[in-house]
Amino acid sequence: MEQKAEEIRNPERSLALMVKEETGENVFACYQCLKCTAGCPMSFAMDYPPNQIIRMVQLGLKEELLNSKAIWICSSCYTCSVRCPNDIHIAHVIDFLRNLAIKEKVKTAEENVVLFHEMFLQSVSKYGRAYEAQFLSKYEMKTGKLIKNMVSGLKMFLKGRMAILPQKVKKMDEIKKIFSGSEVPK
Amino acid sequence: MIQETGYYPGCSLHASSKNLDITLKDLFKKLGIKLNEIPDWNCCGASAAHCIDEILALSLPARDLARAEKEGFKTVLAPCSACYQRLVVTHEILVKDPKKMEKVEKLISPNSYKGTIVIKNIMDLLINDVTIPEIVARKEKDLNGLKFVAYYGCWLTRIPRVKSFDSVENPVSIENILKPLGAEPIDWPYKTDCCGGSFSISKEELVIELDDKIISMADKVGAECIVTTCPLCQTNLDVMQEKINKIKGKDFNLPVFYITELLGIALGIKWSSKIWRYHMVDPVDLLKSKRLI
Ligand code: SF4
Ligand code: SF4
C-alpha cells in the first residue's frame, strides 16, 4: 500500500522500490556520509562513485545508471558494503543494476568488461569449468589485444600456469540446464 | 583436530595456480587431514556470473554444495577467495530466501541442496580446526626471520552480513601462524585492499594502479615477500610486477608466497625445485639466503 502511494506520488522512485523488492536493500536509509566512496578502491576511475550511485537510485535515474561506467568498474570488493553505517549492501545494489543492464540489453559503457564476463561464462557453459587458454585467446582476439598479450600468455604457459586442454564436467547435461534460461549469450 | 574435509579446488587450482593445489595437498597430508574432492564439481561462476545473472550465480555454486552434501561432507574447504565467497554467499541467500531457493532448485535438479554445508577458507580451517599449537608442535624448520607482509585481499574476511573468522579489516591470522614458526610479520595498512584480480585482463590499466600502490607499500615497510592464500591475488600481484616495472619505471622483485608454501617448509616438506618455477617473481634466491631450501 505504502509502495503504491509512493509510486503514484513519484513514478521516478519506482527504481528504488524495485531495488528494495529484488535485493531487500533500502537505499532511502542513505544519508550521504560518503564512507562508501572514501574507501572505494575503484572510485578514482568511476564516473559516479558509490554514494552517487545510491543517490541516483533514490532519484530513479535508471538510464544514467545503466549507461554508467561505474557499475562495471566496481570490483565487488565489498569495502563499501561492510562500512555503510546504515547497512546498505551497496555492492548488491550494483549487481542488481548490472543484471538489469544485461536483461534490458543496454549498450554498456564498458563493453570489454562485459565481454570478458560473458566469454568466461560461455566457457563454463561449454565445459562446466573455465578453460582459460581458450577464452582468454578468444577474448584477446576479439578486443585486438592478442599480439600485445601474447608474450605474457606464453610466459604463463611456460611456467605451467596455463592448462593446454580443458577439464570437462562429466554431467554436462546438468550444466546445460543451469545455463538454459540464463542471460549468457549462446 | 579434524580428520577430513570436503574439498572444492575450483578452476584456478587446476590451471593457473596448480602450485597451490600441490602445496595445499602436501601440507594437509602432513597434518593428517584427508581432503575429499567434491565429485564432478563445476566452476562457481567466479567474479563473472553475479555481474550478469544472479540466478545463474546462485545455481552454479548450489550444484557444488548439493553434491558435497550428497557425499555426506560436513565442511567444504575452498582455498580460492572468489570461490569461497561465492559458495558462502550462495549458501546464505538460499537458506534465507525460499523464492530464490525454489528457482535454483529447479535449475540444479536432480541435485538438491538442503543447506547443511559449512564452507571454510584455508585460514579459518588452520586457525579454528587445526589450531596454531598443533601446527607449531609439528615445526621442523625455523623460518629464520623471513620478513613478510600478510595480504588477505577482499573476500577472505570481508563478506557483508556474514560473520568473519578473523577481524574484517585488520585480520591477524596469517601473522599469528607464521610468527611462532620463526617468520617476522611486518604490520602494514594494505592487508585487505583490493588487488583488482578480476580485472587483470579487461581493465589492466586500473589494476596496475591498484597493485603499484600495494606492492610499493610492501616494499616501503621493508617486507622481503608477500604472503597470501588466494590464487587470484597471488597470480595478480606476481604477474603485475614486471608490467609495473616496465610502465612505471619501478624495480620490484617481491616474491608472493602462498601460506601453504611457507607452512610446508616449516613443517619439513621437501619439495623438488620445480615447485618454485610456477612463480613469476623467482623466490629461490630469497629462500636460499634465508636457508629455507
Ligand atoms: S556509506 Fe551508506 S549512508 Fe554513507 S553515503 Fe554510502 S550508502 Fe550512503
Ligand atoms: S564493492 Fe564496488 S563500489 Fe563498493 S567499494 Fe568495492 S569497488 Fe567500490
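Bear in mind that the values here come from a model prediction, so they are computed numbers and not experimental data.

If you tally the helices and strands in chain B, you get 13 helices and 8 strands. About 10500 Å² of surface is accessible on chain B, with carbon and sulfur atoms providing 51% of the total. Distance between charge centres in chain B, computed from 39 positive and 38 negative side chains, equals 2 Å.

Our next topic: the site of ligand 1. Residues in close proximity to ligand 1 include Cys30(A), Tyr31(A), Gln32(A), Cys33(A), Leu34(A), Lys35(A), Cys36(A), Asn51(A), Cys84(A), Pro85(A), Asn86(A) and Ile90(A), which together make up its full environment. Residues of the shell around ligand 1, tallied by class, amount to 8 nonpolar, 3 polar and 1 charged.

Okay, the pairing of strand β7 (residues 225–228) of chain B next. Residues and elements named next belong to chain B. Here β7 shows a buried face lined by Cys225 and Val227 and a second buried face lined by Ile226 and Thr228. When strand β5 (residues 147–150) meets β7, the two strands line up parallel, connected through 3 bridges. Bridge pairing links alanine 150 to valine 227 in β7. Looking at chain direction, β7 and strand β8 (residues 256–258) are connected through 3 bridges and run parallel. If you follow valine 227 over to β8, its bridge partner there is phenylalanine 257. At this point the chain moves from β7, through helix α11 (residues 231–248), to the parallel β8, and the crossover so formed is right-handed.

On to the confidence of the model for chain B, then. With 100% of its residues at a pLDDT of 70 or more, chain B shows a mean pLDDT of 96. Interface confidence in the predicted complex, given as ipTM, is 0.95; pTM for the same model is 0.95.

What follows concerns the interface of chain B and chain A. Contacts between the two partners involve 62 residues from chain B, matched on the other side by 65 residues from chain A. Interface of chain B and chain A: buried area, both sides summed, is about 5300 Å²; carbon and sulfur atoms make up 58% of it. Remark: the boundary between chain B and chain A carries 6 salt bridges. Glu169(B) is paired through a salt bridge with Arg83(A); the nearest N and O atoms lie 2.7 Å apart. Looking at the side of chain B that touches chain A element by element, the count peaks at 7 residues for helix α3 (residues 46–52) of chain B. When its residues are assigned to classes, the side of chain B that touches chain A shows 27 nonpolar, 16 polar and 19 charged.

Rules of the game
Residues numbered from 1 in each chain as written. Chains lettered and ligands numbered in written order. Predicted model: local features only at pLDDT ≥ 70, side-chain atom pairs only at ≥ 80, totals over all residues. Heavy atoms only, no water. Helix = DSSP H or I, 4+ residues; strand = E, 2+ residues; numbered from the N terminus. Areas by Shrake-Rupley, 256 points an atom, 1.4 Å probe, with all protein chains shown as cover. Lys, Arg positive; Asp, Glu negative; His and termini not counted. Charge placed at Lys NZ, Arg CZ, Asp CG, Glu CD. Near = heavy atom within 4 Å. Nonpolar A, V, L, I, M, F, W, Y, C, P; charged D, E, K, R; others polar. Buried < 20%, exposed > 50% of the residue type's maximum accessible area, 1.4 Å probe, protein only. Pairing = 2+ DSSP bridges. Right-handed = clockwise from strand over helix to strand, strands pointing away. pLDDT = per-residue confidence, 0-100. Contact = heavy atoms within 4.5 Å. Buried area = accessible area lost by both parts, 1.4 Å probe. Salt bridge = Lys/Arg side-chain N within 4 Å of Asp/Glu carboxyl O.

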